[in-house]
Amino acid sequence: MRLTSDQRNRIIRAIREHLGEDATAWLYGSRTADDRRGGDVDLLIRSSAVIDVREQAILHDRLERELALPVDLSFVDPRHGMNRFQRLAAAGAVPVEAAP
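Residues numbered from 1 in each chain as written. Predicted model: local features only at pLDDT ≥ 70, side-chain atom pairs only at ≥ 80, totals over all residues. Heavy atoms only, no water.

(A) Spotlight on the environment of Ile-58. With respect to the helices and strands, Ile-58 occurs in helix α2 (residues 53-67). When the C-alpha atoms of Ile-58 and His-18 are compared, they prove to be 8.6 Å apart, with 40 residues separating the residues in sequence. (Helix = DSSP H or I, 4+ residues; strand = E, 2+ residues; numbered from the N terminus.)

(B) Region of interest: the sheet that holds strand β3 (residues 71-75). Strands sit in the order β3-β2-β1-β4 across an open sheet of four strands; the sheet is mixed. Each having just a single partner strand, β3 and β4 (94-95) make up the two edges of the open sheet. Pairing of strand β1 (residues 24-28) with strand β2 (residues 41-46) involves five bridges; the strand directions are antiparallel. Residue pairing across strands places Trp-26 opposite Leu-44, the latter belonging to β2. Running over the sheet, helix α1 (residues 5-19) touches β1, β2 and β3 and is turned about 35° from β2. Lying on the sheet, helix α3 (residues 84-91) is in contact with β1, β2 and β3; it crosses β3 at an angle near 115°. (Pairing = 2+ DSSP bridges. Contact = heavy atoms within 4.5 Å. Axes fitted to C-alpha atoms, helices over the stretch in contact; angles between N-to-C directions.)

(C) Broad picture of the side chain of Gln-86. For Gln-86, the location among the structural elements is in helix α3. There is a polar contact of 2.9 Å between the side chain of Gln-86 and the backbone oxygen of Phe-75. Once residues lying within four places of it in the same chain are set aside, the contact partners of Gln-86 are Leu-44, Ser-74, Phe-75, Val-76 and Gly-81. (Polar contact = N/O pair within 3.5 Å; in protein donor to acceptor, adjacent residues only side chain to side chain.)

(D) Highlighting the pattern of salt bridges. Scanning all chains against the criterion turns up seven salt bridges. For Arg-16, the salt bridge identified is with Glu-97, shortest N-O distance 2.9 Å. Within this pair, whereas Arg-16 is found in helix α1, its partner Glu-97 is found in the segment after β4, the two being separated by 81 residues in sequence. We classify Arg-16 as buried; its relative accessible area is 18%. Several salt bridges converge on common partners, so that one network encompasses Asp-6, Arg-10, Glu-17, Arg-62 and Glu-66. (Salt bridge = Lys/Arg side-chain N within 4 Å of Asp/Glu carboxyl O. Buried < 20%, exposed > 50% of the residue type's maximum accessible area, 1.4 Å probe, protein only.)

Next comes the structure, spelled out in structure tokens:
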């Protein structure tokens, strides 16, 4: 995983502050591979609550500012579960909080 411990802590703190303690973040995409370079931070976000578009935008802005990197967020709707894209992303995703 190509995120520092500070970046992981910032992600978890922001997500919990905006979405609650049960919210989780999973990293997917190019930053899961240690042998690659660059790339944005792709995060799959799960929460028991439905996250409105305004809150999604606020969280997105905060993460991009705090990480100083482009961030892509995909929010799982708890009413419907993961969509096809999210299931594919989750297959190779790494939990941000559990990362070394």
